[in-house]
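Structural overview for review
Each chain, letter by letter, is given below.
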Amino acid sequence: MDDYQLVLEDIADSLRPELGKAGHVASYIPALARVPAAHFGIALRTADGVEAHAGDSTTGFSIQSISKLFTLTLGMQHVGERLWERIGREPSGNPFNSLLQLESEQGIPRNPFINAGAIAVTDRLLHYCDPKRAVLELLSGLCEEPVRFDEEVAASEAETGFRNIALANFMKGFGRIDHDAQTVLDVYFHHCSIRMSCLQLARAAGYLCRDGLHPYSGEPVLTGRQARRVNALMLTCGTYDAAGEFAFRIGLPCKSGVGGGIVAVVPDKLTLCVWSPALEESGNSLLGMKALEMFTARTGLSVF
């Protein structure tokens, strides 16, 4: 197998001519609409601590729905199996902010990786901890660097997040969330605003390729069974309504965000993060998908 650093550099070089030529940034969030599309970064960390990165891999970006990986992890830590009393585990097959599906299913989100599901996880966390502080402490500890909110992005989301406001109120109306909807949404918008780089995310997600063990200390973050469940949900639900396409083309558990980032996991081997802000129709990074497909073709790594 080729050296990972050479593989990532080759991918970055191959995609550089395509930067900014296709796709669109997430214009419905004003703070994200101002991010230049012509960025590309890629980074990985192996289960035994080898790192490689190329392109804009140390540039921070808004991780958006990638944060759902870590709020789900907190939910599993604090709530355990009771977390699933109000949240499903099935692919949605609909846009990540669908109101129609939530209405027809009586306020129970299909999975924790769509917006309604993450809002429900946030509501449960409010019973056990300060979710804003807890997620920053978790991420900072996992990547061993300070992680912060981007307050401009959080404010931008709060000002324009009308569909998320509707989702929270739908669930409140069905009795599926316990706390004041505005309180839950403030936490949720802050979680989405977290700013990290590809390299930080590749490090932070490392417990998912190590049977739940911390990427540096080796202490349990999740049990092995819980880590496998997170990976299963990533594979089936982690990339909005394009999960089938990701499984077909890439064959790895992935979680994407409309900031242009995608985290991928090769169980027992490595975690990988790519970032390019221009999105395809489902809200996934266009060049990020291409980069992951190139990586799996080059390395032969897949869960299948």
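Residues numbered from 1 in each chain as written. Predicted model: local features only at pLDDT ≥ 70, side-chain atom pairs only at ≥ 80, totals over all residues. Heavy atoms only, no water.

A few points about the pattern of salt bridges
- Within the structure shown, the criterion is met by 16 salt bridges.
- Residue Glu51 pairs with Arg45 through a salt bridge whose shortest N-O separation is 2.8 Å.
- Arg45 sits in the buried class, given a relative accessible area of 8%.
- Taking the shortest distance from any N to any O, the salt bridge between Arg133 and Glu137 comes out at 3.8 Å. With a gap of four residues between them, Arg133 and Glu137 both fall in helix α6 (residues 131-143), about one helical turn apart.
- We classify Arg133 as exposed; its relative accessible area is 53%.
- The class for Glu137 is exposed, based on a relative accessible area of 52%.
- The network of salt bridges with common partners includes Arg45, Glu51, Glu145 and Arg203. (Salt bridge = Lys/Arg side-chain N within 4 Å of Asp/Glu carboxyl O. Buried < 20%, exposed > 50% of the residue type's maximum accessible area, 1.4 Å probe, protein only. Helix = DSSP H or I, 4+ residues; strand = E, 2+ residues; numbered from the N terminus.)

Let's talk about the sheet that holds strand β4 (residues 148-149)
- In spatial order, the strands read β3-β5-β4; together these three strands make up an open sheet with antiparallel pairing. The open sheet has two edge strands with one neighbour each: β3 (61-62) and β4.
- Pairing analysis gives two bridges linking β3 to strand β5 (residues 194-196), with the strands arranged antiparallel. Across the sheet, the residue bridging to Phe61 is Met196, located in β5.
- Packed onto the sheet, α6 meets β4 and β5 and runs at close to 10 degrees relative to β5.
- Each of β3, β4 and β5 is contacted by helix α9 (residues 181-193), which is oriented at about 10 degrees to β5, the strand it contacts most. (Pairing = 2+ DSSP bridges. Contact = heavy atoms within 4.5 Å. Axes fitted to C-alpha atoms, helices over the stretch in contact; angles between N-to-C directions.)

Concerning empty space enclosed by the protein
- All told, the structure shown has two cavities of 30 Å³ or more when counted by the stated rule.
- Its volume calculated, the second largest cavity comes out at about 30 Å³.
- Looking at the second largest cavity, the residues that line it are Met76, Gly80, Glu81, Trp84, Gln226 and Arg229.
- Split by residue class, the lining of the second largest cavity holds two nonpolar, two polar and two charged. (1 Å grid on protein atoms, 1.4 Å probe; cavity = no way out; pocket = protein on both sides within 12 Å on 5 of 7 lines; lining within 4 Å. Points joined across faces, edges and corners; volume = space filled by probe spheres on them. Nonpolar A, V, L, I, M, F, W, Y, C, P; charged D, E, K, R; others polar.)

Examining the packing of aromatic side chains
- Inspection of every chain in the model, using the stated rule, returns four aromatic pairs.
- Note on Phe61 and Trp275: the rings are 4.9 Å apart at their centroids and 5 degrees apart in plane angle, and the pair reads as stacked. Taken together, the positions of Phe61 in strand β3 and Trp275 in strand β8 (residues 270-275) put the pair 214 residues apart, joining distant regions of the chain.
- Judged by its relative accessible area of 3%, Phe61 is buried.
- Of the residues examined, Trp275 reaches a relative accessible area of 2% and is grouped as buried.
- Residues Phe70 and Tyr207 carry aromatic rings whose centres are separated by 6.5 Å and whose planes lie at 55 degrees to one another, so their mutual orientation is tilted. Of this pair, Phe70 sits in helix α3 (residues 67-78) while Tyr207 sits in the loop between α10 (198-204) and α11 (224-237), placing them 137 residues apart in sequence. Of the two residues, Phe70 and Tyr207, both sit in the buried class. (Phe/Tyr/Trp six-rings, centres within 6.5 Å; stacked < 30°, edge-to-face > 60°.)

This is a description of form; function is not addressed.
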